[in-house]
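# Summary of structural features
Given next are the chains, with one letter for each unit.
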Amino acid sequence: MSKTTESGRSLLEEARDPDLLRERLESRTADNLEHTEQETGDPRNHTLGENLVRNLGMRRWGNVLKDLEAADHPGIEGASDPLIEHPRAFLDHLIKLTPLDKIRIESGDHEGVSRERRAVFSWLEEHPEIVQDMRLGGTDWFAYGPKGSGKSTMAISMVARDLEINPTAVVWRGSSARSEWLPLAPWATVVLPQGLKYEAVLDPPADDMDSIPIDLERTVRKIVRYEDPIQLNHDVLEEGGFHVVYPDPRFRGCSELTERADEIPELEHVSAWEAAEDPDLEPTPMEFWWFAWAISKIEYGPPMFVTWTCDEAGNLMPEHASNEYHGHHRRISALRNKYVDARRNNFSLNGIGHELEDLHHLLRKKIRWRITLNGMDNPTGQTVGMGEAPMPRNYTGDLQLGEALSWNKQQFCQFSWSDTPEWLKVPGQLQIRFPEVQEVRSA
Amino acid sequence: MTERGSGSTSTSRKDTSGSRRDESEAWPGMWSAARPGGEIQPDEPPVDAARLRRQLEKALPDAEEEPLVRPAMAQLVQDQGDLLIELLEGFGDRRALLEWEQRVVIHTLGQLEDEWYAEIACNAAAISRLLGREWGPADAPEPYTARETRRGLAANSLLPAFHGALKVFRWAAVERTDHLDDEHEGEAPEPITPERQEYPGMRPELGQLAEQQRRTLESLLDGFDSEDELLVWSQQLQGSTYAEISAHAAAEPYFERPLRQYLVRTEADERARFVRRSWAAEFLLPAFNRAADALADRAAEVTAEEVPERSGGSSSIS
């Protein structure tokens, strides 16, 4: 892709100049995105996920599968690459199947399925032993590794693969602190709470530069609004779409939906506006909105596959969470209770963090796969909630950047991914803020 | 599906034992008849090449029906299949064997040992079994011995080398995804039928080398009309061997007066024919093989085949 040289300037050069930096961020466009099914509504067109994979310079997954199958296993004579040989370690969490999909595969009738998913189905059709190993419904993994081990790049590759082969709506946890999704901005639907003014600025990489105001409309695929979590899941999220969702500081619908949900206590949410009127109230931290949202998807649907890419999951659900701080522990516990139905309700959680132990053990026990990135030793013995790890020794200690080990309690396999293309990289962090919240808080 | 031929029967270039082996221990079973316990059928019917070719055709995907994503691979596999069947059939004469060897060079991408080529085209016992009749000092072989030898050669040498070549070739083969090009969304790709392709593995570079080698070999086997022609040929020789033939060997035909006299004559003198063919087997084909290996090495740079040490591989999901 010649896009790297389009501007003729180096990334470093652009990083020093606010105007160039803004232009870089706003002017990136994805080739042929306008012809995708998500844009035209025509299911005969290629999907946004297929477009994403192409623009990222990745090969089609059907071809990757075939190549991996032809590759040799390092430890077993005559066997394929471990990723194929041990399907439970990776393929199982990547390929999402419904009961109907299993019938589609067994019968060979792939009608109504996107092209690349069809390719995967055709491949699976020839591998009934792998289909047997695949579990239905939502999946989940927690990926952990030290700073700079490529977690964000991996997450981007995984999002692309997920959207390429699954009819999934990906929801990336938007936060004011981080914007690791920025390379995918040309495909991103930014989902903001209804009725709130926002401002978007780029925090440049250098300390001596001021924040750069950004035209968000130009930067991302589109901006949409939601009323509350249930309405968001039913009416706003789009199958095959990549969504970056920002929590609602008003917490509309959150307390009510948790009150109505089975098997969990009602979770209280206090907005900055409510707190401003009542000196006894403290506003609930905005990121706690996510607990209500996730519970809402599992409890109230829709049945569509939704993958929640939760960056810094250890911050949202830390091991040391207590009830002293806005009922934090209670919220984690409520999500845990609801999470038993996540798989059946096609909800997938892809968590990212620094250490396995950072994630609260209530959730850790529920998450079935782990991804240990390079620079972090994989466990070999007892683990929390998973029994014995299947690895007989440390594999990840000497992995390179861009490599990781995916495992569950039965199987493990190594995998690797490529760097994000240069033209999609933007230095700095994009912040989306709601000035009204600041005003209310300081009033 | 082993990584590559291993053990004592290997003739693969990657075999690290490295030492030049004498005939008796080089390829056990190659010149001997079937191994003990093997099913020997002295009255086996002749090789049904037509049937084998049909089997080959059936195994290959139909490009008209389903566009081949890696037509180059399919082409290579098909060519290799043809070479295999020709070996099983046996050869009409030593020249046909040499011409076959030249195509093996190309379609194994230099994966076999250089000496392998000289060995099977100079050793009287080997030649007699490949031709299925008496040759030089060697008596006519028993038909089943000849058959079993050819099959042994196929299993011990050719198949591992084909496998090695495909591995080298695999990542280098250009994937045809233009039908996935969004601009031509929905349009069926132009079918590329492997048999219509001009070049082995559909690679012009390889095709060029194959053609150059074919002509170089043909000129030598035909003999030259004059000393001048021989000199011009010596110069062309460097191209078809990527200068992998030693300067000494290249000049030898000219300076070695007895050799020169056998090369520069066109009449079908049996002695001259013998010398030309032996020279081709001893010098030309090994040099051809090194040239193909050099070409494959360049492909391998791109493909950078890794043999991961760790359990778990390095399976790129990109």
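Residues numbered from 1 in each chain as written. Chains lettered and ligands numbered in written order. Predicted model: local features only at pLDDT ≥ 70, side-chain atom pairs only at ≥ 80, totals over all residues. Heavy atoms only, no water.

## Looking at the overall build of chain A
Along chain A, the regular secondary structure elements total 20 helices and 15 strands. For chain A, the residues scored as buried account for 60% of the 443 residues in total. In chain A, of all internal contacts separated by at least 6 residues, the share reaching a separation of at least 24 is 72%. Accessible surface, chain A: about 17700 Å² in total, of which carbon and sulfur atoms supply 45%. (Helix = DSSP H or I, 4+ residues; strand = E, 2+ residues; numbered from the N terminus. Buried < 20%, exposed > 50% of the residue type's maximum accessible area, 1.4 Å probe, protein only. Contact = heavy atoms within 4.5 Å. Areas by Shrake-Rupley, 256 points an atom, 1.4 Å probe, with all protein chains shown as cover.)

## Here we look at the packing of helix α4 (residues 94-107) of chain B against helix α5 (residues 114-122) of chain B
All names here are of chain B. One can describe the packing of α4 onto α5 by two numbers: an axis separation of 10 Å at closest approach and a directional angle of 165°. Classified by the angle between their axes, α4 and α5 sit roughly antiparallel to one another. The crossing of α4 and α5 is right-handed. Seen from α4, the contacting residues are R94, L97, L98, W100, E101, V104 and V105; seen from α5, they are W116, Y117, I120, A121 and C122. (Axes fitted to C-alpha atoms, helices over the stretch in contact; angles between N-to-C directions. Parallel < 35°, antiparallel > 145°, perpendicular 65-115°, else oblique. Left-handed = near helix turned anticlockwise from the far one by under 90°.)

## What about the sheet that holds strand β1 (residues 140-144) of chain A?
The sheet built from 11 strands is open, its strands ordered β6(A)-β3(A)-β7(A)-β2(A)-β8(A)-β9(A)-β1(A)-β10(A)-β13(A)-β14(A)-β1(B) with mixed pairing. Since the sheet does not close on itself, it has two edges, and those belong to β6 (222-226) of chain A together with β1 (315-316) of chain B, each with one partner. By the bridge criterion, 4 bridges tie strand β10 (residues 369-373) of chain A to strand β13 (residues 403-407) of chain A in an arrangement that is antiparallel. Each bridged residue has a counterpart across the sheet, and for R370 of chain A the counterpart in β13 of chain A is W407 of chain A. Helix α16 (residues 289-300) of chain A contacts β2 (168-173), β6, β7 (242-245), β8 (305-310) and β9 (347-353) of chain A of the sheet and is inclined by roughly 160° relative to β8 of chain A. (Pairing = 2+ DSSP bridges.)

## Description of the nonpolar core
Residue and element names in this part refer to chain A. Ranked by internal contacts, the top residues of the largest apolar core, which has 81 residues, are W61, F90, L91, W181, F242, F415 and L430. For this core, the leading source of residues is helix α11 (residues 151-165), giving 8 residues. With near-sequence residues (within four places) excluded, L91 lies in contact with W61, L65, L83, I84, W123 and M134. (Core = buried A, V, L, I, M, F, W, Y, C linked by side-chain atoms within 4.5 Å.)

## Focus on a negative patch on the surface
A cluster of acidic residues, E256, E259, E266, E268, E274 and E277 of chain A, forms a negative patch on the protein surface. Among the secondary structure elements, E274 of chain A is positioned in helix α15 (residues 272-277). (Patch = residues over 30% accessible without salt bridge, like charges linked within 9 Å, V, L, I, M, F, W, Y side chains within 5 Å. Salt bridge = Lys/Arg side-chain N within 4 Å of Asp/Glu carboxyl O. Lys, Arg positive; Asp, Glu negative; His and termini not counted. Charge placed at Lys NZ, Arg CZ, Asp CG, Glu CD.)

## As for the side chain of E101 of chain B
As for its placement among the helices and strands, E101 of chain B is situated in helix α4. One buried charged side chain, E101 of chain B, makes no salt bridge at all; its nearest oppositely charged neighbour is R94 of chain B, positioned 8.3 Å away.

## Quick notes on the sheet that holds strand β15 (residues 429-433) of chain A
Backbone-to-backbone hydrogen bonds join strands into a sheet, with any given pair of strands oriented parallel or antiparallel. Residues and elements named next belong to chain A. Here we have 3 strands laid out as an open sheet, ordered β5-β4-β15, and antiparallel in their pairing. A single partner strand is all that each edge strand has here, and the edge strands are β5 (212-213) and β15. Bridge count for strand β4 (residues 199-203) against β15 is 5 bridges, and the pairing is antiparallel. In the sheet register, V201 faces β15, and the bridge partner there is Q431.

## Some thoughts on the packing of aromatic side chains
Residue and element names in this part refer to chain A. What the rule picks out here adds up to 22 aromatic pairs over all chains. On the basis of an interplanar angle of 35° and a centroid distance of 5.0 Å, the ring pair of Y395 and F412 is categorised as tilted. Highlighted residues: Y395 in the loop between β12 (387-388) and β13 and F412 in strand β14 (residues 412-416), separated in sequence by 17 residues. Judged by its relative accessible area of 5%, Y395 falls in the buried class. When its relative accessible area of 13% is taken as the criterion, F412 is described as buried. Aromatic rings pair up to connect Y226, W289, W290, W293, W308, Y339 and F347 into one cluster. Sitting over the ring of W273, R250 keeps its end group 3.9 Å from the ring centre. (Phe/Tyr/Trp six-rings, centres within 6.5 Å; stacked < 30°, edge-to-face > 60°. Lys NZ or Arg CZ within 6 Å of the ring centre and 35° of its normal.)

## Some thoughts on the pairing of β4 of chain A
Where β4 of chain A lies against β5 of chain A, 2 bridges are found, and the strand directions are antiparallel. When the bridges of β5 of chain A are listed, V201 of chain A appears paired with P213 of chain A.

## Let's talk about the pattern of salt bridges
Residues and elements named next belong to chain A. The full count for this structure, using the stated rule, is 36 salt bridges over all chains. For D162, the salt bridge is made with K96, and the minimal N-O distance between the two is 3.1 Å. You can see D162 sitting in helix α11 and its partner K96 sitting in the loop between α7 (91-94) and α8 (99-107), a full 66 residues away along the chain. When its relative accessible area of 2% is taken as the criterion, K96 is described as buried. Among the salt bridges present, the one from R344 reaches D341, with a minimum N-O distance of 2.8 Å. Exposure remark for R344: the relative accessible area of 57% places this residue in the exposed category. Look at D341 and you get buried, because its relative accessible area is 17%.

## Remarks on the confidence of the model for chain B
Residue and element names in this part refer to chain B. Across chain B, pLDDT averages 70, with 61% of residues at or above 70. Helix α1 (residues 23-26) is the least confidently modelled element of chain B, averaging 35 in pLDDT, while α4 averages 94, the highest of any element. Under a pLDDT of 50 for its full length, residues 1-39 has, in the predicted model, 75 contacts with residues more than four places off or in other chains. Considering only residues more than four positions removed or in separate chains, one finds that residues 300-313, a stretch of pLDDT under 50, has 31 contacts. As a predicted assembly, this complex carries a pTM of 0.61 together with an ipTM value of 0.71. (pLDDT = per-residue confidence, 0-100.)

## Points about the packing of α16 of chain A against helix α18 (residues 328-339) of chain A
All names here are of chain A. Running from N to C, α16 and α18 point in directions that differ by 15°, and their axes come no closer than 10 Å. When the interaxial angle is binned, α16 and α18 end up roughly parallel. For the pair α16 and α18, the crossing hand works out as left-handed. Contact with α16, carried on its side by F291, A294, I295, I298 and E299, involves H328, R331, I332, A334, L335, K338 and Y339 of α18 and no other residues of that element. In terms of residue class, the contact of α16 with α18 is made up of 8 nonpolar, 1 polar and 3 charged. (Nonpolar A, V, L, I, M, F, W, Y, C, P; charged D, E, K, R; others polar.)

## Things to note about the pairing of β8 of chain A
All names here are of chain A. The element β8 is largely enclosed, with a buried count of 6 among its 6 residues. Here β8 shows no split at all, with F305, T307 and T309 on one side and V306, W308 and C310 on the other all buried. Where β2 meets β8, 5 bridges bridge the pair, whose relative direction is parallel. Directly across from T168, in β8, lies its bridge partner F305. As paired elements, β8 and β9 share 5 bridges and run parallel to each other. By the bridge assignment, T307 is partnered in β9 with S348.

## Brief notes about the side chain of D101 of chain A
All names here are of chain A. Among the secondary structure elements, D101 is positioned in helix α8. There is a polar contact of 2.5 Å between the side chain of D101 and the side chain of R117. Not counting chain neighbours up to four residues away, the residues in contact with D101 comprise K96, R117 and F121. (Polar contact = N/O pair within 3.5 Å; in protein donor to acceptor, adjacent residues only side chain to side chain.)

## Some words on unusual backbone geometry
Residues and elements named next belong to chain A. Following G301, the chain continues into P302 via a peptide bond in cis, with omega recorded as 5°. Mapped onto the elements of the fold, P302 is located in the loop between α16 and β8. If you check the backbone angles, E263 has positive phi at about 65° while not being a glycine. For E263, the position within the fold is in the loop between α14 (254-260) and α15. When its relative accessible area of 62% is taken as the criterion, E263 is described as exposed.

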